[in-house]
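Commentary on secondary and tertiary structure
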Amino acid sequence: MGAEKRSRSPDAAGTAAKQAKRVAGDAETEGLELAPDEFMVTVSLPEGTKLGLDVDWKDGRTLYIKKVLPGAVMEHNKDTKVQSILGGDRIIAINGQFDDPKVMLGQCKTQRKLHLLIRTTRDLGQAKGTALVPVAMSAAAAAAASRAAAAAAEVEKATEAAAEAAKAKAK
């Protein structure tokens, strides 16, 4: 099963970059416009918790989900029906990182909060009872999304470091 190529419109770069920054910064994603077959999921990985996915990255651009295993994704799936992550879905981006499966997997290993952009073959529009509007993302917008995710990760690391320093000082 190969990944479909989508055309990306350069005139949507500003909007897409703003949307990616909102997602990367863990802001509300309700206003985010996605293609009809895409949805966003945020998964937290407490210490010692596995993501719980068996993936394949042969296409060189996405993570094809072969199977959901025990872990954070299975727990997420217990809480939702429409935005469940299932075998056959594809992870298109993780924390704004896309088109490089090794980098996306690196996010899974190093980050405790993952923002996953999922593409599915299921009909999500009817299940939600709402029509979703496709979003176009140019290469420039995609690069901006990647930079925004990296900046958000740095802010999160700095916040965690400051909290640890405050705890150490309080002792």
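Structural data are supplied above this passage.
What this report covers is the structure whose coordinates are included nearby. (Residues numbered from 1 in each chain as written. Predicted model: local features only at pLDDT ≥ 70, side-chain atom pairs only at ≥ 80, totals over all residues. Heavy atoms only, no water.)

Counting its secondary structure elements, the chain contains 5 helices and 6 strands. Each helix and strand of the chain, placed in order from N terminus to C terminus, yields the pattern α-β-β-β-α-β-β-α-β-α-α. Looking at the chain as a whole, 40% of its 171 residues are labelled buried. Here the analysis covers contacts within the chain between residues at least 6 apart in sequence; of these, 66% occur between residues at least 24 apart. (Helix = DSSP H or I, 4+ residues; strand = E, 2+ residues; numbered from the N terminus. Buried < 20%, exposed > 50% of the residue type's maximum accessible area, 1.4 Å probe, protein only. Contact = heavy atoms within 4.5 Å.)

Okay, the nonpolar core next. Grouped together as the largest cluster of nonpolar side chains are 22 residues, with contacts concentrated most on L51, L53, I85 and I94. Going through the elements one at a time, strand 1 (38–44), strand 2 (53–56), strand 3 (63–68), helix 2 (72–78), strand 4 (90–94), helix 3 (101–110) and strand 6 (113–119) are the ones with two or more residues in this core. In this structure L51 touches V43, L45, G71, A72, V73, C108 and L114, once residues within four positions along its chain are discounted. Counting residues in hydrophobic clusters, the runner-up holds 5 residues, among them L34, M40, A93 and L117. (Core = buried A, V, L, I, M, F, W, Y, C linked by side-chain atoms within 4.5 Å.)

The next thing to look at is the side chain of T62. Checked against the element boundaries, T62 lands in the loop between strand 2 and strand 3. According to the relative accessible area criterion, T62 is buried, its value standing at 5%. In this structure the side chain of T62 is engaged in a polar contact, spanning 2.6 Å, whose partner is the side chain of D59. One polar contact links T62 to R90, side chain to side chain, over a distance of 2.9 Å. Contact partners of T62, with chain neighbours within four places excluded, come to D56, W57, R90, I91, I92, P101 and M104. (Polar contact = N/O pair within 3.5 Å; in protein donor to acceptor, adjacent residues only side chain to side chain.)

So, on to helix 3. Within an α-helix, residues lying three or four positions from one another point in the same direction, as the helix has 3.6 residues per turn. Here helix 3 has its buried residues at P101, M104, L105, Q107 and C108. Buried residues in helix 3, looked at end-on, bunch into an arc of 145°, giving them a common side. Turned more than 90 degrees off the buried face of helix 3, the exposed positions are K102, K109 and T110. Looking at the buried residues of helix 3, the elements they touch are strand 2, strand 3, strand 4, strand 5 (97–98) and strand 6. (Arc of directions from axis to C-beta.)

We now examine the pairing of strand 3. Inspection of the sheet shows strand 2 paired to strand 3 by 4 bridges, in the antiparallel sense. Looking across to strand 3, one finds that L53 is bridged to V68. Between strand 2 and strand 3, which pair antiparallel in sequence order, lie 6 residues; one of them, G60, sits at a positive phi of approximately 80°. As judged from the 2 bridges shared by strand 3 and strand 4, these two strands associate in the antiparallel manner. When the sheet's bridge partners are listed, Y64 is paired in strand 4 with R90. (Pairing = 2+ DSSP bridges.)

Next up on the list: the pattern of salt bridges. For the coordinates displayed, the defined rule picks out 6 salt bridges. As a salt-bridge pair, E38 and R119 come within 2.7 Å of each other at their nearest N and O atoms. Within this pair, whereas E38 is found in strand 1, its partner R119 is found in strand 6, the two being separated by 81 residues in sequence. Grouping residues by exposure puts E38 and R119 together as buried. For D99, the salt bridge identified is with R61, shortest N-O distance 3.0 Å. Of this pair, D99 sits in the loop between strand 5 and helix 3 while R61 sits in the loop between strand 2 and strand 3; the two residues are 38 residues apart in sequence, bridging distant segments of the chain. Classification of R61 by relative accessible area gives partly exposed; the value is 36%. (Salt bridge = Lys/Arg side-chain N within 4 Å of Asp/Glu carboxyl O.)

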